[in-house]
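Remarks on the overall topology
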Amino acid sequence: MRDTVLIIDDEKKLCSLLARIIELEGFTVFQAHTAKEGLKVLSTQDIDVVISDVKLPDMNGIELVKQIKLNKPYVEVISLTAFGTIQDGVMAMRNGAFDYITKGDDNDKIIPLVYKAMDKARLQYRVHELESKVIKKHSFDGIIGESRAIKNTIELARKVAAADTTVLLLGETGTGKEVFAHSMHYGSPRKMKPFVALNCSGFNHELLESELFGHKLGAFTGAVKDKKGLLEEANEGTLFLDEIGEMNLDLQAKLLRVLESQTFIKVGDTQTTKVNLRIIAATNRDLKREAEAGKFRLDLFYRLSVFSIELPSLSQRKSDVLLIARHYLREFADKVNKPAFTMSDDFEALLIGYSWKGNIRELKNVMERVVILSDGQVLDGSLLPYEFHDPTDVAGAMTMKLEAVEKQHILKVLRYANGNKTEAARLLGIGLTTLYRKLEDYKIS
């Protein structure tokens, strides 16, 4: 932001006078005498505040405010009205103008008003920049892969994102279903509204119902105040329900009502709550088979799968393995201030030849482990877990006792975690109590 003001007024003398007054305050000022000229300046310059007459020769100034806020919502507009046209100023504010002033009568108010509008514009611009970064981070362009399988999936998801319809994402564990849900939200008309995610497998029946629908004060023991559910939190945006197959049949019936009528009743309430949201669900199960077996509601399955997208497993897109591996190697190397790594031929061959049952999540975890263990910049196959190697090769490579290998590995992980035992236990995939016991066994202080 450069503290710039654009004045749009067909009265050239007034326009020049205002420009001189505002320039004396240190602002950069541009002038235009028609709406068309003003919009052209806005498209080529970084404008913070627009001062515009509500009566222009080629466009109604009230409509101009609406167009400016639509194209550049962070730009603040001050409307100029003639005496007796105050109603035009009020209408301009309803369309998004910051404020209005009357020509000739409010000359002493213009500078303080410009400063206030400028402060708000700066804040709005910072918010806009943050929102743009979030949208870019979660866009489809951020999904890594060049294989035909992933490109076809992205192309399909892009098309569905723009349509405000329910989507069911299918695929093995770790294929990136939440990543796709994020991208679909930020590629949709709802992108400026909330994205709320809920893993249905993380709660028991009672907690899941309260988390999803919310509850009223006194609805159950411990309900000491009213609580909004995630359905309300996601209003006007997107609710992502991961592991939807874990939801029990009673809650499925209530979710079906939300999908059909966009209404629900909170726990302990008698009133209906109305929402407007999109639901994207995900599962690694065969929901149709489970529905036919009575383990999932068939009507909910059909309502969720208005559009189904199957995400390819990593074994179906082997040409993407090295691309994804390099991405995570850079990410984890930057995290611990290590230089860029180079993968040796045998390291690459082992990555490509591996089955990747855990898909991208497993690959990410393996790359984090490799970064922790590596002492040099060239990565070789010895850094990969034993399951990557042929059993006979593993036996031949085992020149150290298992205890010594484990001790060395724990020490490296502790160094990587800067001595944080909780983080080290998480990286090792063991409980904190187990880590303390091993530290004692191996006499690691």
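It should be emphasised that the depicted structure is a prediction, and the values quoted were computed from it without experimental measurement. (Residues numbered from 1 in each chain as written. Predicted model: local features only at pLDDT ≥ 70, side-chain atom pairs only at ≥ 80, totals over all residues. Heavy atoms only, no water.)

**Notes on the overall build of the protein**
In terms of helices and strands, the protein carries 19 helices and 16 strands. The globule rule puts the C-alpha radius of gyration for 445 residues at 22 Å, and the 30 Å found for the protein is more than 25% above it. Along the first, second and third principal axes, the C-alpha set of the protein runs to 90 × 55 × 45 Å. Per-residue burial over the protein gives 44% buried out of 445 residues. Counted over contacts in the protein with a minimum sequence separation of 6, partners at least 24 positions apart contribute 68%. Averaging the positions of the 62 positive and the 63 negative side-chain charges in the protein gives two centres separated by 0 Å. (Helix = DSSP H or I, 4+ residues; strand = E, 2+ residues; numbered from the N terminus. Rg over C-alpha atoms; globule rule 2.2 N^0.38 Å. Buried < 20%, exposed > 50% of the residue type's maximum accessible area, 1.4 Å probe, protein only. Contact = heavy atoms within 4.5 Å. Lys, Arg positive; Asp, Glu negative; His and termini not counted. Charge placed at Lys NZ, Arg CZ, Asp CG, Glu CD.)

**What to know about the nonpolar core**
Counting residues in hydrophobic clusters, the biggest one holds 38 residues, and the most contacted among them are Leu 351, Trp 356 and Met 367. For this core, the secondary structure elements donating two or more residues are helix H13 (321–335), helix H14 (345–353), helix H15 (359–373), helix H17 (402–416), helix H18 (421–428) and helix H19 (432–441). Leave out the neighbours within four places in its chain, and Leu 351 touches Val 321, Leu 322, Ala 325, Met 343, Trp 356, Met 367, Leu 384 and Phe 388. In this structure, Leu 168, Leu 208, Leu 255 and Leu 277 belong to the second largest nonpolar core, which totals 31 residues. (Core = buried A, V, L, I, M, F, W, Y, C linked by side-chain atoms within 4.5 Å.)

**Comments concerning the environment of Thr 28**
Among the structural elements, Thr 28 can be located in strand S2 (residues 28–32). Given a relative accessible area of 36%, Thr 28 falls into the partly exposed group. For the pair Thr 28 and Thr 4, spaced 24 residues apart in the sequence, the C-alpha separation amounts to 4.7 Å.

**Considerations on the side chain of Ser 210**
For Ser 210, the location among the structural elements is in helix H8 (residues 205–213). Among the polar contacts made by the side chain of Ser 210, one reaches the side chain of His 215 at a distance of 2.8 Å. Aside from chain neighbours lying at most four places away, what touches Ser 210 is His 215, Phe 220, Lys 227, Gly 229 and Val 267. (Polar contact = N/O pair within 3.5 Å; in protein donor to acceptor, adjacent residues only side chain to side chain.)

**Concerning H8**
Within H8, the full set of buried residues consists of Leu 208, Glu 209, Ser 210, Leu 212 and Phe 213. The N-cap of H8, judged by a side-chain oxygen 3.3 Å from the amide nitrogen of Glu 206 a few residues on, is Asn 204.

**Quick look at unusual backbone geometry**
Of note, the phi angle at Gln 262 is positive, near 60 degrees, even though the residue is not glycine. Mapped onto the elements, Gln 262 comes out in the loop between helix H10 (249–261) and strand S11 (263–265). In this structure Gln 262 comes out as buried when scored by relative accessible area, which is 17%. Even without being a glycine, Asn 359 presents a positive backbone phi close to 60 degrees. For Asn 359, the position within the fold is in helix H15.

**Structural notes on the pairing of strand S6 (residues 167–170)**
Regular strands place side chains that alternate from one sheet face to the opposite one. Here S6 shows a buried face lined by Val 167 and Leu 169 and a second buried face lined by Leu 168 and Leu 170. Relative to strand S13 (residues 278–283), S6 is paired through 4 bridges, and the arrangement is parallel. Pairing of Leu 169 across the sheet is with Ala 282, part of S13. Two strands pair when backbone bridges link them, and S6 and strand S14 (residues 307–310) are joined in this way by 4 bridges, in the parallel orientation. Of the residues in S14, the one forming a bridge with Leu 168 is Ser 308. (Pairing = 2+ DSSP bridges.)

**What to know about the environment of Phe 301**
As for its placement among the helices and strands, Phe 301 is situated in helix H12 (residues 298–304). Separated by 32 residues in sequence, Phe 301 and Asp 269 have C-alpha atoms that sit 27 Å apart. Sequence-distant contacts of Phe 301, defined by excluding residues within four places in its chain, comprise Leu 168, Leu 287, Lys 288 and Phe 296.

**Observations regarding the sheet that holds S14**
Ordered by their spatial adjacency, 5 strands build an open sheet running S7-S10-S13-S6-S14, and the pairing between neighbours is parallel. Every other strand in the sheet has two partners, leaving strand S7 (195–199) and S14 as the edge strands with one partner each. Averaged over all pairs of adjacent strands, the angle between strand axes in this sheet comes to 20 degrees, irrespective of strand direction. Sheet topology note: the S7/strand S10 (residues 238–242) ladder contains 5 bridges and is parallel. In the sheet register, Asn 199 faces S10, and the bridge partner there is Asp 242. Where helix H6 (residues 148–162) meets the sheet, it contacts S6, S13 and S14, and its direction lies at approximately 155 degrees from that of S14. (Axes fitted to C-alpha atoms, helices over the stretch in contact; angles between N-to-C directions.)

**Remarks on the sheet that holds strand S1 (residues 4–8)**
Spatial strand order, S2-S1-S3-S4-S5: 5 strands in an open sheet with parallel pairing. On the outer flanks of this sheet lie S2 and strand S5 (99–102), each paired with one strand and no other. Sheet twist, expressed as the mean angle between neighbouring strand axes with direction ignored, is 20 degrees. Relative to strand S4 (residues 76–81), strand S3 (residues 49–53) runs parallel, the two sharing 5 bridges. Within the sheet, the bridge partner assigned to Asp 53 lies in S4 and is Leu 80. Sheet strands touched by helix H1 (residues 12–23): S1, S2, S3 and S4. Its angle to S2, the strand with the most contacts, is close to 170 degrees. Across the sheet, helix H2 (residues 35–44) is in contact with S1, S2 and S3; its angle to S1 comes to roughly 165 degrees.

**A closer look at the pairing of S3**
Most of S3 is tucked away: 5 of the 5 residues are buried. Burial of the side chains of S3 extends over both faces: Val 49, Ile 51 and Asp 53 are buried on one face and Val 50 and Ser 52 on the other. Of the strand pairs in this sheet, S1 and S3 are connected by 4 bridges, and their pairing is parallel. If you follow Leu 6 over to S3, its bridge partner there is Val 50.

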